[in-house]
Amino acid sequence: MKLSLRMFFVLTIVSFLSGFSLSYIWKISYEKIEIQKKKRIENAIKSVYGGANRFEDEERNGFRFYRVFKNENFLGYAFISKGSGYQGEISVLVGVLPDLKTLRGIKILENVETPGLGSKVAEDFFVKQFRRRRCPLRLNVDIKAITGATISSKAVLKIVNNGVKKLEEVFKK
Amino acid sequence: MKDFIKGLFSQNPIFVLLLGMCPTLAVTTKALYGLSMGLSVIFVLFTTGIIVSLIRKIVPSEVRIPTYIIIIATSVTVADIFLRANYPEISKALGPYVPLIVVNCIILGRAEAFFSRHNIIRSILDALGMGIGFTLGLIILGGFRELLANGTIFDIRVFPNWYPNILLFSLPGGAFISLGILIGIFNSFKRKK
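First, a word on what this report is: a plain description of the structure on this page. Predicted, not measured: the structure shown is a model, and the values here were computed from it.

Some thoughts on the overall build of chain A
For step 1, the next point in the chain: Within chain A, the secondary structure is distributed over three helices and five strands.
For step 2, the next point in the chain: Listing each helix as α and each strand as β along chain A from the N terminus yields α-β-β-β-β-β-α-α.
For step 3, the next point in the chain: Within chain A, the proportion of its 173 residues that are buried is 39%.
For step 4, the next point in the chain: Pairs at least 24 apart in sequence give 45% of the contacts found in chain A among residues at least 6 apart.
For step 5, the next point in the chain: In the form shown here, chain A has an accessible surface area of approximately 10,200 Å², with 54% of it arising from carbon and sulfur atoms.
For step 6, the next point in the chain: Charged side chains of chain A number 32 positive and 17 negative; the gap between the two group centres comes to 3 Å.

Structural notes on the sheet that holds strand S2 (residues 63-70) of chain A
As a general point, the strands of a sheet are linked pairwise by backbone hydrogen bonds and lie either parallel or antiparallel.
All names here are of chain A.
For step 1, the next point in the chain: One open sheet accounts for five strands, arranged S1-S2-S3-S4-S5; its pairing is antiparallel. Looking along the sheet, the strands with just one partner apiece sit at the ends: strand S1 (54-60) and strand S5 (103-110). The sheet shows a mean angle of 25° between the axes of neighbouring strands, direction not considered.
For step 2, the next point in the chain: Lying on the sheet, helix H1 (residues 3-48) is in contact with S1, S2, strand S3 (73-84), strand S4 (89-96) and S5; it crosses S5 at an angle near 145°.
For step 3, the next point in the chain: Sitting on the sheet, helix H3 (residues 150-172) is in contact with S1, S2, S3, S4 and S5, with an inclination near 125° to S3.

Examining the layout of surface pockets
For step 1, the next point in the chain: Approximately 650 Å³ is the volume attributed to the second largest pocket.
For step 2, the next point in the chain: Forming the walls of the second largest pocket are 23 residues, and the residues nearest its centre are A:Lys37, A:Arg40, A:Lys82, A:Glu110 and B:Lys92.
For step 3, the next point in the chain: Elements supplying a minimum of two residues to the lining of the second largest pocket: H1, S2, S3, S4 and S5 of chain A together with helix H4 (64-86) and helix H5 (88-94) of chain B.
For step 4, the next point in the chain: Of the residues forming the lining of the second largest pocket, the biggest block, five residues, is contributed by H1(A).
For step 5, the next point in the chain: The class makeup of the residues in the lining of the second largest pocket is ten nonpolar, four polar and nine charged.

A few points about the nonpolar core
For step 1, the next point in the chain: B:Leu45, B:Ile101 and B:Leu179 are the most contacted members of the largest nonpolar core, which totals 40 residues.
For step 2, the next point in the chain: Every element with two or more residues in this core is listed here: H1 of chain A together with helix H2 (21-27), helix H3 (31-54), H4, H5, helix H6 (105-115), helix H7 (120-150) and helix H8 (172-192) of chain B.
For step 3, the next point in the chain: If we skip the residues at most four places from it in the chain, B:Ile101 touches B:Met37, B:Ser40, B:Val41, B:Val44, B:Val76 and B:Ile107.
For step 4, the next point in the chain: Grouped together as the second largest cluster of nonpolar side chains are 29 residues, A:Tyr77, A:Phe79, A:Phe126 and A:Val156 included.

Structural notes on the packing of H1(A) against H4(B)
For step 1, the next point in the chain: Packing of H1(A) against H4(B) leaves a shortest axis separation of 9 Å and a crossing angle of 10°. When the axis of H1(A) is compared with that of H4(B), the two are roughly parallel.
For step 2, the next point in the chain: When its residues are assigned to classes, the contact of H1(A) with H4(B) shows 13 nonpolar, nine polar and two charged.

Points about the packing of aromatic side chains
All names here are of chain A.
For step 1, the next point in the chain: In this structure the tally under the stated criterion is 15 aromatic pairs over all chains.
For step 2, the next point in the chain: Taking 5.0 Å as the distance between ring centres and 50° as the angle between the ring planes, the aromatic pair formed by Tyr77 and Phe171 counts as tilted. Highlighted residues: Tyr77 in strand S3 and Phe171 in helix H3, separated in sequence by 94 residues.
For step 3, the next point in the chain: Accessibility expressed as a relative area gives 7% for Tyr77, which makes it buried.
For step 4, the next point in the chain: Accessibility expressed as a relative area gives 23% for Phe171, which makes it partly exposed.
For step 5, the next point in the chain: Between Phe126 and Phe130, the aromatic rings sit 5.5 Å apart at their centres with planes inclined by 75°, giving edge-to-face as the arrangement. Taken as a pair, Phe126 and Phe130 share a single burial class, namely buried.
For step 6, the next point in the chain: An aromatic cluster is defined as three or more aromatic residues linked by ring pairs; in this entry it consists of Phe63, Phe65, Phe69, Phe74, Tyr77, Phe79 and Phe171.
For step 7, the next point in the chain: The lysine or arginine in question, Arg54, covers the ring of Phe69, its NZ or CZ lying 4.4 Å from the ring centre.

Reading the values: rules and limits
- Residues numbered from 1 in each chain as written.
- Chains lettered and ligands numbered in written order.
- Predicted model: local features only at pLDDT ≥ 70, side-chain atom pairs only at ≥ 80, totals over all residues.
- Heavy atoms only, no water.
- Helix = DSSP H or I, 4+ residues; strand = E, 2+ residues; numbered from the N terminus.
- Buried < 20%, exposed > 50% of the residue type's maximum accessible area, 1.4 Å probe, protein only.
- Contact = heavy atoms within 4.5 Å.
- Areas by Shrake-Rupley, 256 points an atom, 1.4 Å probe, with all protein chains shown as cover.
- Lys, Arg positive; Asp, Glu negative; His and termini not counted.
- Charge placed at Lys NZ, Arg CZ, Asp CG, Glu CD.
- Pairing = 2+ DSSP bridges.
- Axes fitted to C-alpha atoms, helices over the stretch in contact; angles between N-to-C directions.
- 1 Å grid on protein atoms, 1.4 Å probe; cavity = no way out; pocket = protein on both sides within 12 Å on 5 of 7 lines; lining within 4 Å.
- Points joined across faces, edges and corners; volume = space filled by probe spheres on them.
- Nonpolar A, V, L, I, M, F, W, Y, C, P; charged D, E, K, R; others polar.
- Core = buried A, V, L, I, M, F, W, Y, C linked by side-chain atoms within 4.5 Å.
- Parallel < 35°, antiparallel > 145°, perpendicular 65-115°, else oblique.
- Phe/Tyr/Trp six-rings, centres within 6.5 Å; stacked < 30°, edge-to-face > 60°.
- Lys NZ or Arg CZ within 6 Å of the ring centre and 35° of its normal.

Structure follows, in structure tokens:
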């Protein structure tokens, strides 16, 4: 066989087989990945709302949020808010009580802040400060910044404030 | 057997060949991340080793590199999907470095230098040796950095609580310093032999 033809065949077959096997593996894993994602969010909501056991997700004007229930009692709202930190994106799960102002609590889902400094925003002592605070939050009035990580602390505050504002706007309309 | 052993010591990818430095420095903030990265690399080396050595006589040498890259990329994507489906936390922590295994020079290097010239059994031994050598290197480096930065190894406390965590070692600068120290120790052992 001519060389160019052989090159053509080998590459085509290799690419085809690779594409085929990948799409198959994606198909059998896709559901599992989605379940994992959902589980992660629900676990985060549960860590903010102790005792929550039912969630309804809803999307309004492009804003996605969850209504959180314990049995039949409506506890409040939860949503994921994202924004830039000191390096890269921080994503925060925010729980807001039905008055749309008071925080139930927050949980940092993802951050790539400096390990040991900015990454402390995900630790309990910082996150706990957000419980039962009214938005908009002010740095060093409502929430004490982390020493050496003022930018990361500010970023979390801004992400939470922005998220709560968006939730309010959704309900105003 | 020689093919297997050489990856562990005399040709260890991290401490001797200094291959694959990008993930080595980036993911070794903790021993656990080093281990998971290492296991993904073992998987990729193993599957590429088998496939490349099986098809080495069919692939024309003019297109061998693109062919290897496709095979490597496929196997890396499989590893990535697997991690995302089963170990989302680890997948999050390793971030972009799992997909980046595609351009890790250990794998293309072994495909070109070894798998494409040897039969399947020797290729598997070479792949496992190199992979395990890489993994050991990552665990040692990750353990070293985790110990100095947090006082723990695999999240198990080793140093007492009053140990002042030297955060430098979990930062990029600390990665270079640790790697330098470990290569120094490794080489002084080698010289004594």
